[in-house]
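Report on the structure
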Amino acid sequence: MALDAAQLKEAATELLLEEADTIDQRRWDDWLALFEEDATYYAPAWEGDDDLTSDPHQEISLIFCGNRERMWDRVWRIKSNLSSSLARMPRTCHLVTNIRVSDVSNSALKATANFRTETFKHEEKDSTAFFGRYLYDLKRTGDQLTIQNKKIIVYNDIIPRQMDIFNI
Amino acid sequence: MQPEDLNWRIKDEPGETFRVHRSIYTDEEIFELEMSHIYEGGWIYIDHETHLQKENDYITTFIGRQPVIIVRGKGDDYRGYINACSHRGAKVCRQASGNAKNFVCPYHGWVYNSSGKLLDIKDKDRGGFPEGYLDRDYDLVPVPHVQAHHGFIFASLNPNSPPLLEHLGESARFIEMFANESKDGLEVLRGRSTYTHRGNWKMQAENGVDGYHVDVVHASYFRLAAERAKLAAAAKGEDGVKAIQVNLTDTDNGNYDLGNGHVMIWTDIPNYRDRALGMQYDTLEERVGKLEAKWMAGRLRQVLIYPNLILFDGISTQLRSWNPIAVDKTEVYAVCVAPKGEPEEARERRIRQYEDFYGASGIATPDDLTEFDACQDGYNGRLAEWHDFDRGMGRLHLGADKFAEEVGITPVSSASDFADEALYHGEYRHWLETLTKGIQAEQETAHGA
């Protein structure tokens, strides 16, 4: 039996929170598995106070992965032990709130949420945070939900040393 | 601080050693001198004309610590003002950018036109101002020099600065080369990145022309690129990024001390046809000729325009500039710059290669920033006082080598190895000379007063 509206929202919420947990718990392969192979992961850059870029093919993004392979690149690098910026992997904590679901069809739905990610950097003995908004296109396959597109709008976009898939 | 308090910190013994005392990265007093005499005492890079296209377009920014408004006038005429109301000093313009014929100070409503001229004072008739008040000069204080060269806008707060082209010297050749990559010039793409790090600004100026660190610091980047290409080949698919390779053993490469603090590194790129400009190599060659095409598309060039801009043209194309915030904090502004009117496929390639490597959200730049911060921490080890820039000193060539002659520049010195560190001698000789002259000028002013 198909999920009703409340169950669907529950399932979407569960997916978003699971995604946050996979990152904070460094279950990188589990994180990738939540996405479709042709999923996009897109953190647009800002051009002005209220001017957010919107075309990753013509404009520069903070991060743009046009498919899951490009997301895998980032995971590969984290696991590689070859990056000094990741030599002491920061501890992160994602707070994902204000989750709402819309545009429900038999095959897809949209979800939005606010986020704040705390990043504790060992070298600096200090933490910084990025905050902003997530916009998801989720795919429905039976009762299963997967991520088709994720857009991350970072509101505080002056980056202290590093922004990567683990701290936004 | 007296010139003799600075001199000993640079040990310049040609042919023997070139050492810098690490206090130059940590000393607050030296930082103040740098701000006064380098950032507020000479030409610095402001922005690219992409962000100031029409008459009365403006941006607000800083020259050193001083807030300024930079305005485009008619044609290529640029001007600038200290962004402080003549009345009580509030910033007159609060927006980052825009287009305005007039600026109205939000505090007490004084009005200036875009030439900085005071147009109106609130209550001028019933304000009880003393006689002749309105005849005084209350225009915004102008920035003495604002000038663009091929779309690159520079400014100086020092009325006695030499002409811009004299300051740019041999580096102008590479600004012009970059600008000529399209017959229509360059444009900065939308999408900006600003990042900070906990290191002294001079490490920004060093690292962009540091060929020695590349394979070590960016090991994860180059290994990943190789891994990606391998996987794509195995799946008979397309490598979506085609990352640019750096190979120093089988290529021509080197570096130059261009004078006035400007320095650069260059190397031939093995897979240059994977570059956005390389995809159009034959057309380019037809338009600009063999030599120019080779330098534009076939060679990586990273040119420091002292003190605050690096032109990156290799891995992708970036304009990176910065402003020192404190002796141990630097804010960096990074944008992608591209030839106007390039084919869609090339533009996409350029963008993907850019994001892959550059910016604090890329997969290479954070490793650089981590090294700057680690150096800043290391410099606090005051017992370890010195480091040298001696790599390549044994083969340093004074004047032009054959590649410099070919491209038509006369550098102070040439090095045949991209990774040689002797180019920093030029940076730090200029640094010492600028600060010394600055201190002397301060003293003359004090004695004259």
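Just so we're clear, the structure is a prediction, and the values are computed from it rather than from any experiment. Along each chain, residue indices are assigned from 1 in the same order as the chain's sequence is written. Each chain is given a letter, starting from A, and each ligand a number, starting from 1, according to the order in which they appear as written. For this predicted model, a pLDDT threshold of at least 70 governs which residues receive local features, and a threshold of 80 or more governs which side-chain atom pairs are given and counted, while totals over whole chains, interfaces and linings are taken from all residues. By convention in this description, side-chain values take in all heavy atoms of the structure and omit both hydrogens and water.

A look at the overall build of chain A
In this description a helix means any DSSP run of H or I spanning at least four residues, a strand means any run of E spanning at least two, and both kinds are numbered starting from the N terminus. Each helix and strand counted, chain A has three helices and nine strands in total. Each helix (α) and strand (β) of chain A, taken in turn from the N terminus, gives the series α-α-β-β-β-β-α-β-β-β-β-β. Taken along the three principal axes of its C-alpha coordinates, chain A extends 50 × 35 × 30 Å. The accessible surface values rely on the Shrake-Rupley method and a 1.4 Å probe; as for residues, cover is taken only from the protein chains in view. Accessible surface, chain A as shown: approximately 7,700 Å² in total, 48% of it carbon and sulfur. Only four residue types enter the tally: Lys and Arg on the positive side, Asp and Glu on the negative side, with His and both chain ends excluded. Lys charges are placed at NZ, Arg charges at CZ, Asp charges at CG and Glu charges at CD. The positive charge centre, built from 21 side chains, and the negative charge centre, built from 29, are 5 Å apart in chain A.

Observations concerning the sheet that holds strand β5 (residues 66-72) of chain B
All names here are of chain B. DSSP calls a pair of strands paired once it identifies at least 2 bridges connecting them. The antiparallel open sheet is built from four strands, whose spatial order is β6-β5-β4-β7. This sheet does not close on itself; its edge strands, each paired only once, are β6 (78-82) and β7 (97-99). Between one strand axis and the next, the sheet turns through 30° on average, direction left out of account. Both strand β4 (residues 57-63) and β5 contribute to a ladder of six bridges, which runs antiparallel. Bridge pairing in β5 places Ile-59 opposite Ile-70. Angles run from 0 to 180 degrees between N-to-C directions of axes, and those axes are lines fitted to C-alpha atoms, restricted for helices to the stretch in contact.

Here we look at the pattern of salt bridges
Any carboxyl oxygen of Asp or Glu that lies within 4 Å of a side-chain nitrogen of Lys or Arg is treated as forming a salt bridge with it. In the structure shown here, the tally under the stated rule is 55 salt bridges over all chains. One salt bridge in this structure joins Asp-73 of chain A and Arg-228 of chain B, with 2.6 Å as the shortest N-O distance. Taken together, the positions of Asp-73 of chain A in helix α3 (residues 68-80) and Arg-228 of chain B in helix α7 (residues 219-234) put the pair across two chains. The cut-offs for exposure are 20% and 50% of the maximum accessible area for each residue type, with area from a 1.4 Å probe on protein chains only; residues under the lower value are buried, those over the upper are exposed, and the others partly exposed. Classification of Asp-73 of chain A by relative accessible area gives buried; the value is 2%. When its relative accessible area of 4% is taken as the criterion, Arg-228 of chain B is described as buried. With a closest N to O distance of 3.9 Å, Lys-290 of chain B and Glu-285 of chain B form a salt bridge. Overlapping salt bridges bring together Glu-123, Glu-124 and Arg-161 of chain A together with Arg-198, Asp-373 and Asp-377 of chain B as one network.

Here's the deal with helix α11 (residues 365-379) of chain B
With 15 residues, α11 of chain B should cover 21 Å at 1.5 Å per step; its first-to-last C-alpha distance of 21 Å lies within 8% of that length. Of all the residues in α11 of chain B, the buried ones are Thr-365, Pro-366, Asp-367, Asp-368, Leu-369, Thr-370, Phe-372, Asp-373, Gln-376 and Tyr-379 of chain B. To estimate how far a helix should reach, multiply one less than its number of residues by 1.5 Å.

Here we look at the packing of α3 of chain A against α7 of chain B
Interaxial distance between α3 of chain A and α7 of chain B falls to 10 Å at its minimum, and their mutual angle equals 135°. By the angle class used here, α3 of chain A and α7 of chain B are oblique. Crossing of α3 of chain A against α7 of chain B: the hand is right-handed. In this structure, α3 of chain A contributes Arg-70, Trp-72, Asp-73, Trp-76, Arg-77 and Ser-80 of chain A to the contact, and α7 of chain B contributes Ser-220, Arg-223, Leu-224, Glu-227, Arg-228 and Leu-231 of chain B. Under the scheme applied here, ten amino acids are nonpolar (Ala, Val, Leu, Ile, Met, Phe, Trp, Tyr, Cys and Pro), four are charged (Asp, Glu, Lys and Arg), and all others, including Gly, are polar. Its residues placed into classes, the contact of α3 of chain A with α7 of chain B shows four nonpolar, two polar and six charged. Here roughly perpendicular refers to angles of 65 to 115 degrees, roughly parallel to angles under 35, roughly antiparallel to angles over 145, and oblique to all remaining angles. Left-handed describes a crossing in which the near helix is turned anticlockwise from the far one by less than a right angle; the clockwise case is right-handed. Pairs of residues are marked as contacts when any of their non-hydrogen atoms sit within 4.5 Å.

A word on the interface of chain B and chain A
On the side of chain A, 35 residues touch chain B, which itself brings 40 residues to the contact. Values labelled buried area give the accessible surface lost by two parts on being combined, using a 1.4 Å probe and summing over both. Taking both partners together, chain B and chain A bury about 3,300 Å²; carbon and sulfur atoms supply 50% of that area. Taken together, the connections running from chain B to chain A amount to seven salt bridges. The partner of Glu-124 of chain A in a salt bridge is Arg-198 of chain B, with the nearest N and O atoms 3.6 Å apart. By the criterion applied in these results, polar contacts are pairs of N or O atoms within 3.5 Å in which, for protein atoms, one can donate a hydrogen and the other can accept it, and in which residues neighboring in sequence qualify only through two side-chain atoms. Counting across the interface, chain B meets chain A through 24 residue pairs in polar contact (both at pLDDT 80 or more). Taken together, the elements giving at least two residues each to the side of chain B that touches chain A come down to β14 (193-197), α7, β20 (329-339), α10 (344-357) and α11 of chain B. Relative to β14 of chain B, strand β9 (residues 158-160) of chain A runs parallel, the two being bridged by three bridges.

Re the nonpolar core
In a soluble, globular protein the nonpolar side chains are often hidden away together inside. The term nonpolar core refers to a set of buried residues drawn from Ala, Val, Leu, Ile, Met, Phe, Trp, Tyr and Cys, joined through side-chain atoms within 4.5 Å. The biggest cluster of nonpolar side chains holds 117 residues, and the ones touching the most others in it are Trp-31, Tyr-41, Leu-138 and Ile-168 of chain A together with Tyr-428 and Trp-431 of chain B. Among the domains, domain 1 (44-148) and domain 2 (170-439) of chain B are the pair contributing at least three residues each to this core. Each domain's extent is set by a domain assignment, obtained either automatically or from a database.

Observations concerning the environment of Gly-199 of chain B
All names here are of chain B. With respect to the element layout, Gly-199 can be found in the loop between β14 and α5 (201-207). Residue Gly-199 is classed as buried on the basis of its relative accessible area of 0%. A C-alpha to C-alpha distance of 34 Å links Gly-199 and Asp-274, two positions 75 residues apart in sequence. Once residues within four sequence positions are removed from consideration, Gly-199 is found in contact with Val-327, Asp-328, Lys-329, Thr-330, Phe-372, Asp-373 and Gln-376.

Here's the deal with the sheet that holds strand β2 (residues 17-21) of chain B
Residue and element names in this part refer to chain B. The three strands lie next to each other as β1-β2-β21, forming an open sheet whose pairing is antiparallel. The sheet is open, and its two borders are formed by β1 (10-13) and β21 (386-388), each paired with just one other strand. Adjacent strand axes in the sheet meet at a mean angle of 20°, parallel and antiparallel pairs treated alike.

Quick word on the environment of Glu-16 of chain B
All names here are of chain B. Among the secondary structure elements, Glu-16 is positioned in the loop between β1 and β2. Remark: the alpha-carbon pair of Glu-16 and Met-393, spanning 377 residues in sequence, is separated by 8.0 Å. In contact with Glu-16, other than residues within four places in its own chain, are Asp-390 and Met-393.

With respect to the packing of aromatic side chains
Geometry of an aromatic ring pair is reported as the spacing of the ring centres plus the angle between the planes. Ring pairs shown here join Phe, Tyr and Trp side chains whose ring centres sit within 6.5 Å, with only the six-membered ring taken for Trp; geometry is labelled stacked below 30 degrees between planes, edge-to-face above 60, and tilted in between. Under the defined criterion, the tally for this structure stands at 28 aromatic pairs over all chains. With centroids separated by 5.6 Å and ring planes inclined at 90°, the aromatic side chains of Tyr-42 of chain A and Phe-64 of chain A adopt a geometry described as edge-to-face. With a gap of 22 residues between them, Tyr-42 of chain A in strand β1 (residues 35-44) and Phe-64 of chain A in strand β4 (residues 61-65) connect regions that are remote in the sequence. There is no split in this pair, since Tyr-42 of chain A and Phe-64 of chain A are both buried. Pairing Tyr-256 of chain B with Trp-266 of chain B gives two aromatic rings, centres 6.5 Å apart and planes at 20°, and the pair type is stacked. Of this pair, Tyr-256 of chain B sits in strand β15 (residues 253-259) while Trp-266 of chain B sits in strand β16 (residues 262-268), and the two are 10 residues apart along the sequence. Here Tyr-256 of chain B falls in the buried class, since its relative accessible area comes to 0%. Here the aromatic cluster, defined as three or more aromatic residues joined through ring pairs, consists of Tyr-221, Phe-222, Phe-312, Tyr-354, Phe-357 and Tyr-358 of chain B. Definition used: whenever NZ (Lys) or CZ (Arg) falls within 6 Å of the ring centre and also within 35 degrees of the ring normal, the charge is taken to sit over that ring. Looking at Arg-299 of chain B, its charged tip hangs above the ring of Trp-295 of chain B, at a distance of 4.6 Å from the centre. The positively charged end of Arg-391 of chain B is found above the aromatic ring belonging to Tyr-212 of chain B, 4.4 Å away from the centroid.

Some words on the domain arrangement of chain B
All names here are of chain B. Structurally, chain B comprises domain 1 (44-148) and domain 2 (170-439). When each unit is reduced to the centre of its C-alpha atoms, the spacing between domain 1 and domain 2 is 35 Å. Taken together, the contacts link seven residues of domain 1 with 10 residues of domain 2. Carbon and sulfur atoms supply 56% of the area buried between domain 1 and domain 2, which totals about 820 Å² over both sides.

Here's the deal with unusual backbone geometry
Look at the link from Tyr-306 of chain B to Pro-307 of chain B: it is a cis peptide, with omega at 5°. Of note, Asp-103 of chain A is a non-glycine position whose phi angle comes to about 50°, a positive value. Tracing the sequence through the fold places Asp-103 of chain A in the loop between β5 (91-102) and β6 (108-121). Of note in the backbone geometry, Arg-161 of chain A takes a positive phi value of approximately 70° without being a glycine. Positionally, Arg-161 of chain A belongs in the segment after β9. The class for Arg-161 of chain A is buried, based on a relative accessible area of 5%.

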